[in-house]
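Here is what each chain is made of, one letter per residue.
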Amino acid sequence: MTQGENNERQVGGPSATPVRLGVLGCASIAWRRTLPAAVAEPLLWVVAVASRDPDKAGRFARHFGCEAVRGYEELLGRDDVDAVYIPLPVALHARWIEAALRAGKHVLAEKPLAEDAATADRLVSLARSRGLLLAENYMFTYHTQHEAVRRLVAGGAIGELRAFFAAFTIPRLPPDDIRNQRQLGGGALLDVAGYPIRAAELFLGDGLEVTGAVLRYDPVTKVDTGGAALLRTPSGVTAQITFGIENAYRSSYELWGSTGRIGVDRAFTPPPDHRPVVRVETQDGTEESVLDADDQFARVVRAFARGVLDGTGDLPAGSGHGTDAIVPHARLVDTVRRLGG
Ligand SMILES: NC(=O)c1ccc[n+]([C@@H]2O[C@H](COP(=O)([O-])OP(=O)(O)OC[C@H]3O[C@@H](n4cnc5c(N)ncnc54)[C@H](OP(=O)(O)O)[C@@H]3O)[C@@H](O)[C@H]2O)c1
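Every value quoted in this text rests on a predicted model; they were computed, and no experiment measured them. (Residues numbered from 1 in each chain as written. Predicted model: local features only at pLDDT ≥ 70, side-chain atom pairs only at ≥ 80, totals over all residues. Heavy atoms only, no water.)

Visitor: Explain the packing of aromatic side chains to me, please; I cannot follow it from the model alone.
Guide: Pairs of aromatic rings are described using the distance from one ring centre to the other and the angle between the two planes. A complete count under the given rule lists 15 aromatic pairs for this structure. Considering the side-chain rings of Y138 and Y195, the 5.6 Å spacing of their centres and the 90 degrees angle between planes classify their relative orientation as edge-to-face. With Y138 in the loop between strand 6 (134-137) and helix 7 (144-154) and Y195 in helix 8 (residues 188-204), this residue pair connects regions lying 57 residues apart in the sequence. Both residues of the pair, Y138 and Y195, count as buried. Taking the centre distance of 4.7 Å and the plane angle of 70 degrees together, the rings of F168 and Y195 count as edge-to-face. Of this pair, F168 sits in strand 7 (residues 161-169) while Y195 sits in helix 8, placing them 27 residues apart in sequence. For the residue pair F168 and Y195, the accessibility class agrees, reading buried in each case. Within the aromatic cluster, the residues linked to one another by ring pairs are Y138, F140, F168, Y195, Y249 and F268. (Phe/Tyr/Trp six-rings, centres within 6.5 Å; stacked < 30°, edge-to-face > 60°. Helix = DSSP H or I, 4+ residues; strand = E, 2+ residues; numbered from the N terminus. Buried < 20%, exposed > 50% of the residue type's maximum accessible area, 1.4 Å probe, protein only.)

Here is the structure:
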């Protein structure tokens, strides 16, 4: 559905005035996942997309039924934009998040919000001081499959929780990909490690600390291409995570308890039509439940729009990743970097 079709749907409809959204950068993730979800969301109105390249902006604008703008500054100066989505390379996030907040815009920033926790903290404080919503797009946390797993664990399906294992690894990308550019904030730690770390936070709660980490570096690009980390909760439940950008694809987690294990494959980037399979293994055998498909990007953009419209300066409760989660997460990533060598 284009924004024009969605706009027609809203005329005379019961929905609140939609949040007028601008986009900074014609990123692949915006094209593939976020903008299709945003234009289909009645609480959002995609007004304009800005690019350094007018041809790219024009292609996005035609496809999504919005205006093309040359340059990010120009978009931030527009009065008809309430909020912006920032899918830029990681090293540019802080500069443009800050500029957007100073221009009075709410921000949905791609993950990770910033390169380090001190910067994330400064940006969260800036957003709070201005009463603006700043959200970090760890979209997988919104998928209903994780709530189903949490219910199983809470219901005692695997006894007492002892350990968590998660991996997010992807195959090598072309040399000019932003993930292979050190000056753009490339590397596996900032690109993929955040997912298993965030999953550990989701299932093991507050108080996680990193006790050991390993990072491997590419001798030519100098970016970290993969690694692993061991985390623990104050009560000694462990989380082992693996991440990489030069590996066979894997996107999964397992929770091990005193009497069984729960496993989820396609944990972090399931397509919207994927029906998740949750596997519970105990000494009595293996049971697999096939869950309903869910669109985590549709949930993210809706939660963001609701958060802006609520005027609370945060995502609605239960969204999975409120503003409070941003800085503690970034501190864990910082510690993995420090211990990883
Ligand atoms: N949540 C998720 O599921 C998910 C998935 C993938 C990626 N991401 C995140 O989304 C962000 C973008 O990732 P992507 O894979 O979509 O990247 P991408 O396709 O390379 O897009 C990045 C965009 O940033 C703009 N840009 C500005 N300065 C740039 C520079 N010096 N070099 C390259 N691009 C520059 C470009 O837009 P213009 O040329 O139009 O200005 C470019 O299209 C990253 O933060 C990544 O971590 C999130």
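Anyway, onward from the coordinates.
Visitor: Help me out: how do you make sense of the site of the ligand in this one?
Guide: Lining the immediate environment of the ligand, one finds 25 residues, of which C26, S51, K56, Y72 and R179 sit closest. Here an oxygen atom of the ligand and a backbone polar atom of I29 are 2.9 Å apart. Here an oxygen atom of the ligand sits 2.9 Å away from a polar atom, N or O, in the main chain of R52. Alone, the ligand offers 890 Å² of accessible surface; in the complex the protein occludes 85% of this. Taken atom by atom, the bulk of the ligand overlaps the largest pocket. Elements supplying a minimum of two residues to the shell around the ligand: helix 2 (28-39), helix 5 (90-102) and helix 8. Top contributing element to the shell around the ligand by residue count: helix 5, with three residues. (Near = heavy atom within 4 Å. Polar contact = N/O pair within 3.5 Å; in protein donor to acceptor, adjacent residues only side chain to side chain. Areas by Shrake-Rupley, 256 points an atom, 1.4 Å probe, with all protein chains shown as cover. 1 Å grid on protein atoms, 1.4 Å probe; cavity = no way out; pocket = protein on both sides within 12 Å on 5 of 7 lines; lining within 4 Å. Sits in = over half its atoms within 2 Å of the grid points.)

Visitor: Could you clarify how one ought to interpret the layout of surface pockets in this entry?
Guide: Regions of empty space are outlined by a rolling probe, equal in size to a water molecule, passed over the atoms. In this structure, the largest pocket occupies an estimated 1,100 Å³ of space. For the largest pocket, the lining is made up of 41 residues, of which S28, I29, R32, I178 and R179 are closest to its centre. Breaking the lining of the largest pocket down by element, the ones donating at least two residues are helix 2, helix 5 and helix 8. Its residues assigned to classes, the lining of the largest pocket comprises 22 nonpolar, nine polar and 10 charged. Counting residues domain by domain, the lining of the largest pocket receives three or more from each of domain 1 (3-137 + 298-307) and domain 2 (144-293). (Points joined across faces, edges and corners; volume = space filled by probe spheres on them. Nonpolar A, V, L, I, M, F, W, Y, C, P; charged D, E, K, R; others polar. Domains from an automatic or database assignment.)

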